[in-house]
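Report on the structure
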Amino acid sequence: VLLAAWQYDRAKAFADDLLSGTALYHGPITPDLHATIRLHLAPHRRLDVQELAVPGAAPHLAERLAAYRALALGAPGSATDPIAQSLHQVAAAEQAQAAGRYADARELYAAARKVEPGLGSLPPTLLEVGELYCRAESDELPAALERVRELMTAGSSWAAPQLAVLHARLEYASGNLQEAEAAAHAGLRWMDQLQDRSLAPAADQVLALVA
């Protein structure tokens, strides 16, 4: 419920209480339960690397946690579980994107989006944000901007700040300064609502460029 209400820090604190033996829960904390709780939190990037390992968890849960470790460390690997495979593809996409290999990164993001969502998977809209950024950097700016506008009207609170910042960047790159400014301000408002200002510098950069 806390995650659905965007209260990510409170959800993390509650999970930590639960796993440390809170009076709210007297049952056994099995490895699978421990791993499941961690995988509910992992897509929100609120866990340290050492929290992404649970000895004794079922193989598919262990693979998904290991994939999140790979994502955090920027060290993609391989797995048999489909969701873990998609996370490794995202890690490889981020690595390729950082190296300026936007076409490769675009294909990796697209492949990761094809996996059926489940416990621990990243939301498809968030993956498409990465894919669209790489499309824009691969001489597909008009098509990427059109798709971002579609996603903004569809609404996705999960990835709203990321979408808004990408929207602002693409509008600016297209020479649409007024639209870029409005999108950057929208992103800042979403960040305030979600209590996560990690993307504020990116939005501020667009506003500075517009100014």
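Criteria and cut-off values
Residues numbered from 1 in each chain as written. Predicted model: local features only at pLDDT ≥ 70, side-chain atom pairs only at ≥ 80, totals over all residues. Heavy atoms only, no water. Helix = DSSP H or I, 4+ residues; strand = E, 2+ residues; numbered from the N terminus. Rg over C-alpha atoms; globule rule 2.2 N^0.38 Å. Salt bridge = Lys/Arg side-chain N within 4 Å of Asp/Glu carboxyl O. Buried < 20%, exposed > 50% of the residue type's maximum accessible area, 1.4 Å probe, protein only. Axes fitted to C-alpha atoms, helices over the stretch in contact; angles between N-to-C directions. Parallel < 35°, antiparallel > 145°, perpendicular 65-115°, else oblique. Left-handed = near helix turned anticlockwise from the far one by under 90°. Contact = heavy atoms within 4.5 Å. Core = buried A, V, L, I, M, F, W, Y, C linked by side-chain atoms within 4.5 Å. Phe/Tyr/Trp six-rings, centres within 6.5 Å; stacked < 30°, edge-to-face > 60°. 1 Å grid on protein atoms, 1.4 Å probe; cavity = no way out; pocket = protein on both sides within 12 Å on 5 of 7 lines; lining within 4 Å. Points joined across faces, edges and corners; volume = space filled by probe spheres on them. Nonpolar A, V, L, I, M, F, W, Y, C, P; charged D, E, K, R; others polar.

1. A few points about the overall build of the protein chain
The number of helices and strands found in the protein chain is 10 helices and zero strands. What you see in the protein chain, going N to C, is helices and strands ordered as α-α-α-α-α-α-α-α-α-α. Against the compact-globule benchmark of 17 Å for 211 residues, the protein chain has a radius of gyration of 18 Å, which places it among compact chains. In terms of its C-alpha atoms, the protein chain occupies a principal-axis envelope of roughly 60 × 35 × 25 Å.

2. Description of the pattern of salt bridges
On inspection of all chains with the given rule, the structure shows 15 salt bridges. Measuring nitrogen to oxygen at the nearest pair gives 2.9 Å for the salt bridge that ties Arg-64 to Asp-81. One end of the pair, Arg-64, is in helix α3 (residues 59-73); the other, Asp-81, is in the loop between α3 and α4 (82-98), and 17 residues separate them in sequence. Each member of the pair Arg-64 and Asp-81 is classed as buried. The partner of Arg-147 in a salt bridge is Glu-128, and the shortest N-O contact between them spans 2.7 Å. On the criterion of sequence distance, the pair formed by Arg-147 in helix α7 (residues 141-154) and Glu-128 in helix α6 (residues 124-137) is long-range, its members being 19 residues apart.

3. Concerning the packing of α6 against α7
Contact geometry of α6 with α7 gives a least axis separation of 8 Å together with a crossing angle of 155°. The pairing of α6 with α7 is recorded here as roughly antiparallel in orientation. Two packed elements cross with a definite hand, and for α6 against α7 that hand is left-handed. Of the residues in α7, those in contact with Glu-128, Leu-132, Arg-135 and Ala-136 of α6 are Leu-141, Ala-143, Ala-144, Arg-147, Val-148 and Leu-151.

4. Topic: the nonpolar core
Tyr-68, Val-90 and Leu-122 are the most contacted members of the largest nonpolar core, which has 33 residues in total. When contributions to this core are tallied by element, the ones reaching two or more residues are α1 (8-19), α2 (31-41), α3, α4, α5 (102-113) and α6. The dominant element in this core, judged by the number of residues it contributes, is α4, at seven residues. If near-sequence neighbours (up to four positions away) are discounted, Val-90 is found in contact with Leu-71, Tyr-109, Ala-112, Leu-122 and Leu-127.

5. Topic: the packing of aromatic side chains
A full pass over the atoms with the stated rule returns two aromatic pairs. Relative to Trp-190, the ring of Trp-6 lies with its centre 5.8 Å away and its plane at 70°, an arrangement referred to as edge-to-face. Taken together, the positions of Trp-6 in the segment before α1 and Trp-190 in helix α9 (residues 177-194) put the pair 184 residues apart, joining distant regions of the chain.

6. Thoughts on empty space enclosed by the protein
Evaluated as defined, the whole model comprises one cavity of 30 Å³ or more. Volume-wise, the largest cavity comes out at about 70 Å³. Together, Ile-83, Ser-86, Ala-112, Arg-113, Val-115, Glu-116, Pro-117, Ser-121, Leu-122, Pro-124 and Leu-127 line the largest cavity. Counted by class, the lining of the largest cavity contains seven nonpolar, two polar and two charged residues.

7. Observations regarding the layout of surface pockets
The volume enclosed by the largest pocket comes to roughly 790 Å³. Forming the boundary of the largest pocket are 28 residues, of which Arg-45, Leu-126, Val-129, Gln-162 and Leu-199 lie nearest the centre. Broken down by secondary-structure element, the contributors of at least two residues to the lining of the largest pocket are α4, α6, α8 (160-173) and α9. Each residue belonging to the lining of the largest pocket can be placed in one class, and the counts come to 18 nonpolar, five polar and five charged.

8. Quick look at the environment of Arg-38
Within the element layout of this structure, Arg-38 appears in helix α2. Sequence separation between Arg-38 and Ala-84 is 46 residues; the distance between their C-alpha atoms is 14 Å. Excluding residues that lie within four positions of it along the chain, Arg-38 makes contacts with Lys-12, Asp-16, Leu-19, Leu-47, Glu-51 and Leu-65.

9. Thoughts on the packing of α9 against helix α10 (residues 200-210)
Interaxial distance between α9 and α10 falls to 9 Å at its minimum, and their mutual angle equals 155°. If you check the angle between α9 and α10, you find them roughly antiparallel. For the pair α9 and α10, the crossing hand works out as left-handed. From α9, Leu-177, Ala-180, Glu-181, Ala-184, His-185, Leu-188 and Met-191 reach across to α10, where they touch Ala-200, Ala-203, Asp-204, Val-206, Leu-207 and Val-210. Looking at the contact of α9 with α10 residue by residue, the classes come out as 10 nonpolar, one polar and two charged.

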